[in-house]
Amino acid sequence: MDPHVFVLFGATGDLAALKLFPALYRVSQRDGAPPPAVIGVGRSDWDDTTLQDAAVDALTEADVDEGEAREWAESALRYARVEAYDQLGPVFETAEALEAERGLDGNRVYYLALPPSTFPGTITALGEYEEDRGTVGEHVPDDAPWVRLVIEKPFGHDLASAQELNRIVHEHFPENAVYRIDHFLGKETVQNLLVFRFANAFFESAWSRRDVERVEITVAETNDAAGRAGYFDGVGTMRDMIQNHLTQLFSLTAMEPPARLDAEGIRREKIKVLRSTRTARSNETVLGQYGPGAGHDEGYRDHEGVPEDSRTDTFAAVRLHLDNWRWQGVPFVLRTGKRMAERLTEIAVVFRRPPITLFQASGGCDPERNVLRLRLQPNEGFTLSFDVKTPGDGFGVSTRELSFRYEDTFGPFPDAYETLLRDVAEGDPTLFVHAEEAEEAWRIYHAVLDNTDIEVHPYESGGWGPDAAGRLVEAPPPEESGEPVADC
Ligand SMILES: NC(=O)C1=CN([C@@H]2O[C@H](COP(=O)(O)OP(=O)(O)OC[C@H]3O[C@@H](n4cnc5c(N)ncnc54)[C@H](OP(=O)(O)O)[C@@H]3O)[C@@H](O)[C@H]2O)C=CC1
Ligand SMILES: O=C1O[C@H](COP(=O)(O)O)[C@@H](O)[C@H](O)[C@H]1O
């Protein structure tokens, strides 16, 4: 890992406190890691001390000893205040001063943990500066310092803005310097999807329309959007979660085996899945917004900064269909919401019932469908339901489960952001999103984003979201399950 300066845009925000300071700390504790040099950037009226105090709070919250957290923050962190995220003079001055002070070679990571509306201006300002510095553009000398640009999700606001953003990015930065981050790809259990599928031949041979009836991908969160209105309101759950995290889980579940387990091999197969996916339809999309309930007196519209008439979705569910050989006619239901009854991320593969009904005729009942649940968080592992004979007369059938839990076998996992920040520092793009993948993912949802014909159902905090979402997991009507239909 080469020594570098890590410039964190949005250092005063939620993500920085929740994930990025702890991850930066842990990466810097690894063997062989250079001493950390981090510049936090924000418009807030902070200084070095305010930033360091915020980082110490974040680290102690993440179980780091307070003394160690303080020592780390004071040696690692500097603050650069900007008027706006396209006026970056103070950032460049701070970076150059820090490099001179530490004798660094000029390698830099720029991490954009900002609302997506700011990305174009910030990237343009960074690109122009880096061209002047001679690190990007034509004729970059072999010994020039490296620069890596990390862009948080959502990458743009819709298909057109993502295409425009890619254009702006590529005007200045080559694709191999760009790390579009989707932290779900850094989760151990998400990477395990590939091992689970491609190392276990018996699952892979049942992994198609012949045996699978439907797939349900669920990310239920108990947290809410309080304190994040500046980013979340006007973005909403379709853009914050479905277009990226859940679509990544979808493409990893549905993809063909890659030719090689590297960035190009995996991205190529994921892009093929996205290209084969029909545009989502409004009658197969359910949106919701939480109100009060279950110990919460306030609903979404009561949060500071949220307009009284906000239509922003805090819950979204969508049924997707693929037109390819493996998955024709198998619905994939993606659903996620905030302030739900419990925190749960899982992929449920629901297998078809056996084709004959043997047991009813002999006084029993027909078996349940086998369900494979890949649990991504918490209690990571899997369960597979199966049917057995209930002891006694006749052929009574009962459902039982085989299960495996990671924590019973392995120690704790590294956090996703720790894995991904280390990959950025080492220049490994395998777990990041390619330009084309980001655009294809927006293409799928373009007809349902900002579609005011779709009702935003109120739902109670602490429940399972709007009742209307339940119908998406029922068997699709025949006209939707058979032949491919053209998008309309
Ligand atoms: N929070 C989370 O759990 C996760 C967030 N992300 C991604 O990280 C990014 C930031 O999210 P998060 O930290 O939650 O967002 P915040 O709302 O906390 O915003 C981050 C920072 O951006 C600045 N900011 C906020 N609103 C605006 C605005 N309208 N215009 C310009 N600057 C603004 C603020 O800094 P200042 O006012 O000091 O300039 C703020 O501290 C997003 O892209 C999000 O998708 C990804 C995974 C998880
Ligand atoms: O990107 C985001 O992800 C988090 C959920 O991430 P997790 O690792 O805690 O599952 C979500 O709460 C947030 O709204 C979103 O921006």
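The name given to the chain in an unreviewed UniProt entry is Glucose-6-phosphate 1-dehydrogenase, and the organism recorded there is Rubrivirga marina. Regarding the chain, the relevant UniProt record gives this comment under Function (unreviewed entry): "Catalyzes the oxidation of glucose 6-phosphate to 6-phosphogluconolactone." The record held by UniProt for the chain lists under Pathway (unreviewed entry) the comment "Carbohydrate degradation; pentose phosphate pathway; D-ribulose 5-phosphate from D-glucose 6-phosphate (oxidative stage): step 1/3."

Visitor: Would you mind showing me how to read the site of ligand 2 here?
Guide: Around ligand 2, the structure places K153, H183, F184, K187, E221, N223, R228, D240, M241, H245, K338 and Q377. Measuring from an oxygen atom of ligand 2, one finds a side-chain N or O atom of E221 at 2.6 Å. Take R228: an N or O atom from its side chain is 2.8 Å from an oxygen atom of ligand 2. Protein contacts shield 86% of the accessible area of ligand 2, which totals 390 Å² for the unbound molecule. In terms of residue count, helix 10 (residues 236–254) provides more of the shell around ligand 2 than any other element does, 3 residues in total. Partitioned by chemical class, the residues of the shell around ligand 2 number 2 nonpolar, 4 polar and 6 charged.

Visitor: Would you explain the nonpolar core in this entry?
Guide: One broad rule of soluble globular proteins: the nonpolar side chains tend to lie buried together. With 120 residues, the main nonpolar core has F9, Y111, I123, F332, L334 and Y445 as its most contacted residues. Split by domain, this core shows at least three residues from each of two domains, domain 1 (5–182) and domain 2 (187–415 + 433–473). Excluding anything up to four places from it in sequence, F9 contacts V41, Y85, L88, V91, Y110, Y111, L112, A113, L114, T122 and L126. Within the second largest apolar cluster, 19 residues are counted, among which are V306, F315, M340 and L472.

Visitor: Sorry if this is basic, but what is going on with the domain arrangement of the chain here?
Guide: How big an interface is tends to be stated in terms of accessible area lost as the parts join. You can read the domains of the chain as domain 1 (5–182) and domain 2 (187–415 + 433–473). For domain 1 versus domain 2, the separation of C-alpha centres amounts to 32 Å. Each partner contributes to the interface: domain 1 provides 18 residues, whereas domain 2 provides 20 residues. Summed over the shared surface of domain 1 and domain 2, the number is 3 salt bridges. Within the residue set of the side of domain 1 that touches domain 2, elements represented by two or more residues are helix 1 (14–29) and helix 6 (159–172).

Visitor: Please clarify how helix 2 (residues 48–61) should be interpreted in this entry.
Guide: Its 14 residues give helix 2 an end-to-end C-alpha distance of 20 Å, which sits within 8% of 20 Å, the value for a rise of 1.5 Å per residue. For helix 2, the set of buried residues is L51, Q52, A55, V56, A58 and L59. One side of helix 2 holds all its buried residues, which, seen down the axis, span an arc of 165°. Residues of helix 2 that are exposed and point more than 90 degrees away from the buried face comprise D57 and E61. Two or three places before T49, at the start of helix 2, stands the capping residue D47, its side-chain oxygen 3.1 Å from that residue's backbone nitrogen. The first or second residue beyond helix 2 is D63, which carries a positive phi of 70°.

Visitor: Explain the UniProt feature "binding site: substrate" (unreviewed entry) in the chain here, please?
Guide: Per the UniProt record, "binding site: substrate" (unreviewed entry) is annotated on H183, K187, E221, D240 and K338. Of note, H183 is situated in the loop between strand 6 (178–180) and helix 7 (188–199). A relative accessible area of 14% places H183 in the buried class. Leave out the neighbours within four places in its chain, and H183 touches H245, A416, Y417 and L420. Here K338 lies in the loop between strand 10 (332–337) and strand 11 (344–351). What K338 contacts, discounting residues up to four positions off in sequence, is E221, N223, D224, A225, R228, F232, D240, Y290, T314 and Y459. Polar contacts involving the side chain of K338 include one to the side chain of E221, which spans 2.7 Å.

Visitor: What should I look at first to understand the packing of helix 7 against helix 10 in this one?
Guide: Between two packed helices, what matters for the description is the angle formed by their axes and the separation of those axes. Where helix 7 meets helix 10, the axes come as close as 9 Å, and the angle between the chain directions of the two elements is 10°. Here helix 7 lies roughly parallel to helix 10, going by the angle between them. Residues V190, L193, L194 and R197 of helix 7 form the contact with helix 10, whose own contacting residues are L249, L252, T253 and A254. Residue composition of the contact of helix 7 with helix 10, by class: 6 nonpolar, 1 polar and 1 charged.

Visitor: Which parts of the structure should I look at to understand the sheet that holds strand 1 (residues 5–9)?
Guide: By way of backbone hydrogen bonds, the strands of a sheet pair with one another, either parallel or antiparallel. The parallel open sheet is built from 6 strands, whose spatial order is 3-2-1-4-5-6. If you trace the sheet from one side to the other, it starts and ends with strand 3 (77–81) and strand 6, each paired once. Strand-to-strand twist in this sheet, taken as the mean axis angle between neighbours without regard to direction, amounts to 20°. Pairing geometry for strand 1 and strand 4 (residues 108–112), over 5 bridges, is parallel.

Visitor: Sorry, what's going on with the sheet that holds strand 8 (residues 285–291) here?
Guide: The mixed open sheet is built from 9 strands, whose spatial order is 14-13-12-11-7-10-9-8-15. Edge positions in the sheet fall to strand 14 (397–405) and strand 15 (456–460), since each has one partner strand and no second. The average undirected angle you get between the axes of adjacent strands in this sheet is 20°. The pairing of strand 8 with strand 15 spans 5 bridges and is parallel. The residue of strand 15 that forms the bridge with L287 is V456. Taken strand by strand, helix 7 contacts strand 11, strand 12 (371–377) and strand 13 (381–389), and its axis lies near 145° from that of strand 12.

Visitor: Help me understand the UniProt feature "domain: Glucose-6-phosphate dehydrogenase NAD-binding" (unreviewed entry) in the chain in this model?
Guide: On the UniProt side, "domain: Glucose-6-phosphate dehydrogenase NAD-binding" (unreviewed entry) is annotated at positions that read residues 7–192 here. Along residues 7–192 the backbone is 48% helical and 14% strand, and the end-to-end C-alpha distance reaches 31 Å.

Visitor: Teacher, can you tell me more about a negative patch on the surface here?
Guide: Negative charge collects at one region of the surface, where D57, E61, D63, D65, E66, E68 and E71 lie side by side. Mapped by element, the contributors of at least two residues to the negative patch are helix 2 and helix 3 (66–76). Considering each element in turn, the negative patch owes the most residues, 3 residues, to helix 3. One can find D57 in helix 2. Taking the relative accessible area as the measure of exposure, D57 reaches 54% and is therefore exposed.

Visitor: Honestly, the pattern of salt bridges in this entry has me stumped. Any pointers?
Guide: Side chains bearing opposite charge may pair, as long as their charged atoms lie close to each other. Counted by the stated rule, this structure contains 36 salt bridges. A salt bridge links R319 to E284; its shortest N-O distance comes to 2.7 Å. Here R319, found in strand 9 (residues 315–320), pairs with E284, found in the loop between helix 11 (263–275) and strand 8; they are 35 residues apart in sequence, far enough to count as distant. Among the residues examined, R319 registers a relative accessible area of 5% and is labelled buried. Using a relative accessible area of 1% as the deciding quantity, one classes E284 as buried. Residues participating in the shared-partner salt-bridge network are E213, R214, E216, R335 and R369.

Reading the values: the criteria
- Residues numbered from 1 in each chain as written.
- Chains lettered and ligands numbered in written order.
- Predicted model: local features only at pLDDT ≥ 70, side-chain atom pairs only at ≥ 80, totals over all residues.
- Heavy atoms only, no water.
- UniProt positions renumbered as here; feature names shortened; annotations may be inferred.
- Near = heavy atom within 4 Å.
- Polar contact = N/O pair within 3.5 Å; in protein donor to acceptor, adjacent residues only side chain to side chain.
- Areas by Shrake-Rupley, 256 points an atom, 1.4 Å probe, with all protein chains shown as cover.
- Helix = DSSP H or I, 4+ residues; strand = E, 2+ residues; numbered from the N terminus.
- Nonpolar A, V, L, I, M, F, W, Y, C, P; charged D, E, K, R; others polar.
- Core = buried A, V, L, I, M, F, W, Y, C linked by side-chain atoms within 4.5 Å.
- Buried < 20%, exposed > 50% of the residue type's maximum accessible area, 1.4 Å probe, protein only.
- Domains from an automatic or database assignment.
- Contact = heavy atoms within 4.5 Å.
- Salt bridge = Lys/Arg side-chain N within 4 Å of Asp/Glu carboxyl O.
- Expected span 1.5 Å × (residues − 1).
- Arc of directions from axis to C-beta.
- Axes fitted to C-alpha atoms, helices over the stretch in contact; angles between N-to-C directions.
- Parallel < 35°, antiparallel > 145°, perpendicular 65-115°, else oblique.
- Pairing = 2+ DSSP bridges.
- Patch = residues over 30% accessible without salt bridge, like charges linked within 9 Å, V, L, I, M, F, W, Y side chains within 5 Å.
- Lys, Arg positive; Asp, Glu negative; His and termini not counted.
- Charge placed at Lys NZ, Arg CZ, Asp CG, Glu CD.

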